[in-house]
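# Descriptive structure summary
So you can see what is in the structure, the chains are spelled out below.
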Amino acid sequence: MRGQRAAKSLRWCWNPAVWFLASLLGFLFLMVVSVLLRLANSVQTSVEMHYQVQLVNGQNRCEGRVEVRYNDSWGTVCDDDWDMVDANVVCRQLDCGLAVAVGSSSQFGQGPGPILLDNVDCKGGESDLSQCGSLGWGVHNCYHYEDVAVTCKGDGTIRLVGGLDSCQGRVEIYYRESWGTVCDDDWDDRDAEVVCQQIDCGNAVSAHSNSYFGYGTGRILLDNVNCNGNEQQLSKCYSLGWGTHNCGHHEDAGVTCTGKLLAGKRPVATRVVLV
């Protein structure tokens with residue numbers, strides 16, 4: 001009888017300890033589950049929030065009206081609170097160097113789609129526009145005349161000068177804060193193809209030599225360019241190196257491309273009237 005009372009007393013003594021231990025384990029389990037769910041949601045959110053950016057209606061892919069892609073459609077960004085800090089994030093995301101100007105719809109035209117972002121607020125260290133603050137998708141109080149635009153420049157940026165439009169002309173390349181030309185030594189269709197692809201002008205029609213589009217006035221920055229044809233930028237192709245050449249401006253290289261691709265249409269080149 002005395003042994004039964006002792007066992008019963010022992011059970012009553014251990015019950016609070018067991019209860020405390022079980023509660024502690026349950027609490028720890030819930031904490032682990034909560035942290036894992038939070039991490040999974042964070043990863044999912046970062047994947048969902050990453051979105052594409054493009055610059056439209058400029059002379060190359062590194063200048064133009066800012067457009068972002070959301071739910072399979074492109075839309076514009078309102079210029080409320082937009083500044084050079086925001087512009088630099090766009091240039092960085094597009095691998096286009098640094099922002100040198102913030103433009104407006106009067107320079108690159110008004111967008112036809114929805115206005116998707118407003119009051120964008122980047123701190124400067126972001127690598128992607130999706131990491132910046134805003135009012136949220138589609139929330140704005142703007143009109144398309146407030147569409148923001150950006151001009152970026154970085155070493156290797158390309159433009160075509162002296163043609164009837166932005167998809168034909170003398171090849172000029174940006175390096176160390178100045179524009180220069182490319183010598184026509186070894187210049188061929190593969191080099192021209194890389195240029196056309198880099199500036200989103202379709203495919204190469206002709207690789208021109210002997211200053212076909214007139215003499216350049218800056219430095220001759222590249223010579224003996226030899227592309228394989230699949231490089232993303234002309235500066236990635238083989239050459240003698242920046243500023244190394246044995247040419248004169250009478251040998252400036254040029255390119256004619258098919259033109260910018262319009263949705264649902266064949267490649268065309270849009271005429272630009274120079275004033």
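A brief look at the structure comes next. In this text, all values refer to a predicted model and were calculated from it rather than measured experimentally.

Quick notes on the rules
Residues numbered from 1 in each chain as written. Predicted model: local features only at pLDDT ≥ 70, side-chain atom pairs only at ≥ 80, totals over all residues. Heavy atoms only, no water. Helix = DSSP H or I, 4+ residues; strand = E, 2+ residues; numbered from the N terminus. Buried < 20%, exposed > 50% of the residue type's maximum accessible area, 1.4 Å probe, protein only. Contact = heavy atoms within 4.5 Å. Areas by Shrake-Rupley, 256 points an atom, 1.4 Å probe, with all protein chains shown as cover. Disulfide = S-S within 2.5 Å. Salt bridge = Lys/Arg side-chain N within 4 Å of Asp/Glu carboxyl O. Polar contact = N/O pair within 3.5 Å; in protein donor to acceptor, adjacent residues only side chain to side chain. Phe/Tyr/Trp six-rings, centres within 6.5 Å; stacked < 30°, edge-to-face > 60°. Lys NZ or Arg CZ within 6 Å of the ring centre and 35° of its normal.

Along the chain, the regular secondary structure elements total four helices and twelve strands. Taken across its 275 residues, the chain has 41% of its residues classed as buried. Of all intrachain contacts in the chain linking residues separated by at least 6 positions in sequence, the fraction that spans at least 24 positions is 67%. Split by element, the accessible area of the chain, about 15800 Å² in all, is 55% carbon and sulfur.

A positive phi is found at Asp 72, a non-glycine position, where the angle reads about 65 degrees. Within the element layout of this structure, Asp 72 appears in the loop between strand E2 (63-70) and strand E3 (73-77).

Scanning the model with the defined rule gives eight disulfides in all. Here Cys 62 connects covalently by a disulfide to Cys 96, the sulfurs 2.0 Å from one another. The chirality of the disulfide connecting Cys 62 with Cys 96 is left-handed, given an S-S dihedral of about -70 degrees. Note that Cys 62 is positioned in the loop between strand E1 (53-57) and E2 and Cys 96 in the loop between helix H2 (84-93) and strand E4 (98-104), a separation of 34 residues in sequence. Comparing Cys 62 with Cys 96, the two get one shared label, buried. The side chain of Cys 183 participates in a disulfide bridge whose partner is Cys 247; the two sulfur atoms lie 2.0 Å from each other. Judged by the sign of its S-S torsion, about -90 degrees, the bond between Cys 183 and Cys 247 is left-handed. Taken together, the positions of Cys 183 in the loop between strand E9 (178-182) and helix H4 (189-198) and Cys 247 in the loop between strand E11 (219-222) and strand E12 (254-257) put the pair 64 residues apart, joining distant regions of the chain.

Further remarks concern the side chain of Thr 76. Note on placement: Thr 76 falls in strand E3. The exposure class of Thr 76 is buried, given its relative accessible area of 1%. Once you skip the residues sitting within four places of it in the chain, Thr 76 turns out to touch Arg 65, Val 66, Glu 67, Gly 111, Pro 114, Ile 115, Leu 116, Leu 117, His 144 and Asp 147.

Following the criterion strictly, the structure yields six salt bridges and no others. The salt bridge partner of Arg 190 is Asp 188, with a shortest N-O separation of 3.7 Å. In this structure, a network of salt bridges that share partners links the residues Arg 159, Arg 170 and Glu 172.

The next subject is the environment of Glu 177. With respect to the secondary-structure elements, Glu 177 resides in the loop between strand E8 (168-175) and E9. Residue class for Glu 177 comes out exposed when judged on its relative accessible area of 71%. As a C-alpha pair, Glu 177 and Asp 155 span 22 residues in sequence and 8.0 Å in three-dimensional space.

All right, on to H2 then. For H2, the set of buried residues is Asp 86, Ala 87, Val 89, Val 90 and Cys 91. Among the structural elements, E1, E4 and strand E6 (148-153) are those in contact with the buried residues of H2. Capping the start of H2, Asp 83 holds a side-chain oxygen 3.1 Å from the backbone nitrogen of Val 85, two or three residues further along. Count one or two residues on from H2 and you reach Asp 95, which has phi positive near 60 degrees.

On the secondary structure map, Asn 246 appears in the loop between E11 and E12. The class of Asn 246 is exposed, set by a relative accessible area of 61%. Placed 22 residues apart in sequence, Asn 246 and Asn 224 show a C-alpha to C-alpha distance of 9.6 Å. Beyond its immediate sequence surroundings of up to four residues, Asn 246 is in contact with Asp 185, Asp 223 and Glu 251.

Scanning the model with the defined rule gives five aromatic pairs in all. When the centroid spacing of 5.8 Å and the interplanar angle of 10 degrees are considered together, the rings of Tyr 143 and Tyr 145 count as stacked. Like Tyr 143, the residue Tyr 145 is exposed in the burial classification. Arg 159 extends its terminal NZ or CZ atom over the ring of Trp 179, reaching a point 4.0 Å from the ring centre.

Structurally, Gly 75 can be placed in strand E3. Residues Gly 75 and Ile 115, 40 residues apart in the sequence, show an inter-C-alpha distance of 5.4 Å. Not counting the four nearest positions on each side in its chain, Gly 75 is found in contact with Val 66, Glu 67, Val 68, Pro 114 and Leu 116.

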